[in-house]
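# Structure assessment
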Amino acid sequence: MNLWHTKGFKWKIILSVLVFLLGLVCSTVFSVRMHQNALEARRKTAQLNATTYANYLIEDFSQAIGVTHALEQILISEDGQCKRFETVAQNLSSSVLQSIQLAPNGVVTDIYPAAGNEDGKIDLFHDESRSELCRYGRDNNVITLQGPFSLSQGGSGIAVRNPVYLADETGQETFWGFTIVILRVPEVFARSTQALEHFGYDYRLSKRTAPLGDEYEEVASSGQALTDPASYTFPLDGTNSTWKLEVMPKGGWHQADPAMGFFCAGSLVLLLALILALALIGMREQKNVFRHLATTDPLTGLFNRKGFDEALQAYLSKHTEAHCVGVLLDIDNFKSINDVYGHAIGDLALRQLAESMHAHFPTDSILGRNGGDEFCLILKNCTCQSAAERIQAFTEERRTFWYEGVEHPFTISVGYAELSAADARRTPALLLSKADLALYEVKLRGKRGCLAYSEDLQLRVRTHLGFALQDISQHLPGAFLIYKADRVNDELLFANQEMVRFAGCTDLEDLLAFTDHSFRNLIHPDEREAVEQSIWAQQDAQQDGTNDYVSFRLVKKDGTYRPVLNHGRLIHNRHYGDIFYVLFMDSDFIRERYQKQ
């Protein structure tokens, strides 16, 4: 069967040819237009640079001309005298000035600096190369520029001569002479020419050879021939001089353009093939992007819990006999950071912790964020014993965040467990549950540390100072808290909701942040020393077993004080050592209650 006579095949071929021809035409038109636009843009940019740096030249010349005007004003004010010429000239001098001169009646008599410029004391009206231009300036009262010419000291210079006229008693103006500056070339043009070269331009600076002529002579250039350059012609106000700055890109106007014939004939097919390839690649890449978004935590860039579980399961499936260590960690008192310093600072602390995980652990580790301030990671091909030193060092790293110019430290708690080939169930859930038990034990021991999982943790799971205490304490008929019985470190460990309300706080984290984790910060500052001495005196005397009683004013979060009766009991805890269990009662309420009875 002839495929050409197949309707579908024939139309597909025709459509393909039409698309190819249409693409060829469109690409050719687009390429030509793009070439024209690029050329036009280059010319506009070059014209703008010519105008800009010509204005820089005008500014530089104006400064030099300003020196001659300053001398002119001194001569007018001092009736044709400049008694302190040396001092005035020294103050007016700059790096681009070769010399500053006075020429009364056209004869140069004063030059600064004098050393090396002795040959400059000449009669301008009788000098063959200068007389004509000097007479033009005198007769037309216009500043003249002459040069560049060779300097006896080496290099080239341009003379700026300002004719000075003084008025007599009748107001009649009489020619006095010239104030003159000699500019160094090419220093006077350096600001503009160096900038043009830096931005990739060749240039040519020219000036009109005669005041009324049309001929220009080159003053400075980059040394390259210019083809159809962009130019800017500008006069120097108050002078006889007209200048022209011409620029073009180094390498020519068409330096970046490929041959149109090669582009249209050879690149079109490649372009169409590229478009097709890009479309296929784009579809695959889009799929990868969606997968990345679904498995990545947007704040830290680590795996989210879904991505972490998938990566861990894939690793365990592929390496059925390998040992690995699972680690769970979180930031101590993270809620306090958010509440006190704001969620932006909390997010900053989370990102810093994620970055330190990347920096500290091997690149093949699986890093994730469970949510909130809890992170997880997998260390491959290692045991708890071999990873212990690395995890300990990571835990003890100093971590800080900055808030309003002040550096604040924060710490982490870490639990970790090992998954070996001997484990009957090699699942992510088993590994992370063990690490979670170890992390919880760290929290019970006061946070700020790390611990490896052991089997006896199963026997103590969440039984001491944990959920049971939480359930009981919430139903106590009074304010209750627990703190360490340490004369130096009286860290708050727990408070029930009644105690939180008693202190005017919203929750336990708010109370810990308000007190900076210290029991003594609940006592009125004037009473702290006496109260602490009373508590420890009672404990040392052992008059009432392990109980103590003390009254003081309790500090509330809103800055007010509340008189309370404190009943404390000293308890020894195997995890924390000696701790105080404390009940608080409102002194005013007790007094009022018993008075009524």
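Let me sum up the structure you'll find in this document. (Residues numbered from 1 in each chain as written. Predicted model: local features only at pLDDT ≥ 70, side-chain atom pairs only at ≥ 80, totals over all residues. Heavy atoms only, no water.)

## Observations regarding the packing of aromatic side chains
Going through the model one piece at a time under the given rule, you end up with 18 aromatic pairs. Here Tyr-165 and Phe-175 contribute two aromatic rings whose centre-to-centre distance is 5.5 Å and whose plane-to-plane angle is 65°, an arrangement assigned as edge-to-face. Pair noted here: Tyr-165 is in strand β4 (residues 156-167) and Phe-175 is in strand β5 (residues 173-185), with a separation of ten residues, a long-range link. Of the two residues, Tyr-165 and Phe-175, neither departs from the other in class, the shared state being buried. Among the aromatic residues, those joined into a ring-pair cluster are Phe-125, Tyr-165, Phe-175 and Phe-178. The ring of Trp-253 has Arg-43 lying over it, and the distance from NZ or CZ to the ring centre is 4.5 Å. The ring of Phe-394 carries Arg-399 above its face, with NZ or CZ at 4.4 Å from the centroid. (Phe/Tyr/Trp six-rings, centres within 6.5 Å; stacked < 30°, edge-to-face > 60°. Helix = DSSP H or I, 4+ residues; strand = E, 2+ residues; numbered from the N terminus. Buried < 20%, exposed > 50% of the residue type's maximum accessible area, 1.4 Å probe, protein only. Lys NZ or Arg CZ within 6 Å of the ring centre and 35° of its normal.)

## Description of helix α14 (residues 528-541)
With 14 residues, α14 extends 20 Å from end C-alpha to end C-alpha; this agrees with the ideal 20 Å at 1.5 Å per step. Looking only at α14, the buried set comprises Val-531, Ile-535, Trp-536, Gln-538 and Gln-539. For α14, the buried positions fall inside an angular range of 155° around the axis, keeping them on one side. α14 presents Glu-529, Ala-530, Gln-533 and Asp-540 as exposed residues on the side facing more than 90 degrees away from its buried surface. Two residues or fewer past α14, Gln-542 is found with a positive phi of approximately 55°. (Expected span 1.5 Å × (residues − 1). Arc of directions from axis to C-beta.)

## Observations concerning the pairing of strand β17 (residues 479-484)
Consecutive residues of a regular strand have side chains that alternate between opposite faces of the sheet. In terms of burial, β17 is largely enclosed, as six of its six residues are buried. Residue alternation in β17 divides its side chains into two sets, Ala-479, Leu-481 and Tyr-483 and Phe-480, Ile-482 and Lys-484, and both sets are buried. Where β17 meets strand β21 (residues 577-586), six bridges bridge the pair, whose relative direction is antiparallel. Bridging from a neighbouring strand, Phe-480 pairs with Leu-583 of β21. Pairing of β17 with strand β18 (residues 492-495) involves three bridges; the strand directions are antiparallel. Residue pairing for β18: Ile-482 is matched across the bridge by Phe-494. (Pairing = 2+ DSSP bridges.)

## Observations concerning the side chain of Ser-518
Mapped onto the elements of the fold, Ser-518 is located in the loop between α13 (508-515) and α14. Its relative accessible area of 9% is what places Ser-518 among the buried residues. Polar side-chain contacts of Ser-518 include one of 2.9 Å to the side chain of Asp-490. For Ser-518, the residues in contact, after removing those within four places along its chain, are Asp-490 and Leu-492. (Polar contact = N/O pair within 3.5 Å; in protein donor to acceptor, adjacent residues only side chain to side chain. Contact = heavy atoms within 4.5 Å.)

## A word on the side chain of Ser-99
Mapped onto the elements of the fold, Ser-99 is located in strand β1 (residues 97-104). Polar contacts involving the side chain of Ser-99 include one to the side chain of Gln-101, which spans 3.2 Å.

## Considerations on the sheet that holds strand β10 (residues 324-331)
Reading across the sheet, the five strands line up as β11-β12-β10-β15-β16 and stay open at both edges, with mixed pairing between neighbours. Here the strands that pair on one side only, and so sit at the sheet edges, are β11 (366-371) and β16 (450-452). The average undirected angle you get between the axes of adjacent strands in this sheet is 20°. Across three bridges, strand β15 (residues 412-419) lies against β16 in parallel orientation. Following the sheet pairing, Val-414 is matched in β16 by Cys-450. Along the sheet face, helix α8 (residues 343-360) touches β10, β11, β12 (374-380) and β15 and points at about 5° away from the line of β12. Each of β10, β12, β15 and β16 is contacted by helix α9 (residues 384-396), which is oriented at about 165° to β15, the strand it contacts most. (Axes fitted to C-alpha atoms, helices over the stretch in contact; angles between N-to-C directions.)

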